[in-house]
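Chain and residue survey
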Amino acid sequence: MKTSLYKIFRLECAHYLPAVPEGHPCARMHGHSFSVTLHLRGEVDPQTGWILDFGRVREHFEPLRILLDHHTLNEIRGLENPTSEHLARFVYLRLKPDLPELYRVDVGETCTAGARVEDD
Ligand SMILES: [Zn+2]
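Just so you know, these numbers come straight off a predicted model, no measurement behind them. (Residues numbered from 1 in each chain as written. Predicted model: local features only at pLDDT ≥ 70, side-chain atom pairs only at ≥ 80, totals over all residues. Heavy atoms only, no water.)

Looking now at the nonpolar core. Of all hydrophobic cores here, the largest spans 27 residues; its most connected members are Leu38, Phe61, Leu68, Val91 and Val105. Where this core is concerned, the elements lending two or more residues are strand 1 (4–15), strand 2 (30–41), helix 1 (54–68), helix 2 (84–95) and strand 4 (102–108). When residues of this core are assigned to their parent elements, the largest contribution, six residues, is made by helix 2. Discounting residues that sit within four places of it in the chain, Val91 has contacts with Val36, Leu38, Phe61, Leu64, Leu68 and Val105. (Core = buried A, V, L, I, M, F, W, Y, C linked by side-chain atoms within 4.5 Å. Buried < 20%, exposed > 50% of the residue type's maximum accessible area, 1.4 Å probe, protein only. Helix = DSSP H or I, 4+ residues; strand = E, 2+ residues; numbered from the N terminus. Contact = heavy atoms within 4.5 Å.)

Below you can see the structure in the form of structure tokens.
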């Protein structure tokens, strides 16, 4: 039986998409209340009963929150074209080295649309 956990973070960010066709609404500066959901899997520690303390997950995410929250994503190196796909990849690549349990990142840019990256 596989067990996983997830933790949702909220980010308020501005962005515009430089690669969309002329006249596309996403070419204009606008903002999103992004949700970033980190999915982690691993063995459930028989002593604690959890895979990882949610507080530890928050600690891992905190530098990214400081970098991204209430910022214009286009100004951040690696997010010059800040689509949800690229933001999910950015978060995954930043966190994965020190958080090997991470296997999936979901980024919701609206209540009904988002992107996902996950381990192969
Ligand atoms: Zn947008």
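The structure having been displayed, the exposition proceeds.
This part covers the coordination of the zinc ion. When a metal holds four donors in a tetrahedron, each ideal angle between them is 109.5 degrees; when it holds six in an octahedron, the ideal angles are 90 or 180 degrees. Those protein atoms acting as donors to the zinc ion are His15 (NE2), His30 (NE2) and His32 (NE2), and they sit at 2.0 Å. Between consecutive donor residues of the zinc ion, the sequence gaps follow H-x14-H-x1-H. (Donors = N, O, S within 2.8 Å, 3.2 Å for Na, K, Ca; no water.)

A few words now on the state of the cysteines. Inspection of the entire model under this criterion finds zero disulfides. The thiol of Cys111 is unpaired, and the distance to the nearest cysteine sulfur, on Cys13, comes to 16 Å. Of the residues examined, Cys111 reaches a relative accessible area of 87% and is grouped as exposed. (Disulfide = S-S within 2.5 Å.)

On to the side chain of Asp106, then. By secondary structure assignment, the location of Asp106 is in strand 4. A distance of 3.3 Å separates polar atoms of two side chains, one belonging to Asp106 and the other to Arg104. Reaching out from Asp106, the side chain makes a polar contact with the side chain of Arg116 at a distance of 2.6 Å. Not counting residues within four places of it along the chain, the set of residues in contact with Asp106 comprises Ser35, Val36, Thr37, His39, Ala115 and Arg116. (Polar contact = N/O pair within 3.5 Å; in protein donor to acceptor, adjacent residues only side chain to side chain.)

Glancing now at helix 1. Helical geometry: 3.6 residues make up each α-helical turn, so side chains three or four residues apart lie on a common side. Its 15 residues give helix 1 an end-to-end C-alpha distance of 20 Å, which sits within 8% of 21 Å, the value for a rise of 1.5 Å per residue. Along helix 1, the sharpest kink reaches roughly 40°, centred on Phe61 and followed within four residues by the proline Pro63. For helix 1, every residue scored as buried is listed here: Gly55, Val57, Phe61, Leu64 and Leu68. Contacts made by the buried residues of helix 1 are with strand 1, strand 2, strand 3 (71–72) and helix 2. With a side-chain oxygen lying 2.8 Å from the backbone nitrogen of Gly55, the N-terminal cap of helix 1 falls on Asp53. (Expected span 1.5 Å × (residues − 1). Bend = angle between axes of the 7 residues up to and from the residue.)

With that out of the way, let us pick up the sheet that holds strand 4. Here we have five strands laid out as an open sheet, ordered 3-1-2-4-5, and mixed in their pairing. The strands lining the two open edges of the sheet, one partner per strand, are strand 3 and strand 5 (114–118). Across the face of the sheet, helix 1 comes into contact with strand 1, strand 2 and strand 3 while running at roughly 15° to strand 1. On top of the sheet, helix 2 reaches strand 2, strand 4 and strand 5; it is set at about 150° to strand 4, its chief contact. (Pairing = 2+ DSSP bridges. Axes fitted to C-alpha atoms, helices over the stretch in contact; angles between N-to-C directions.)

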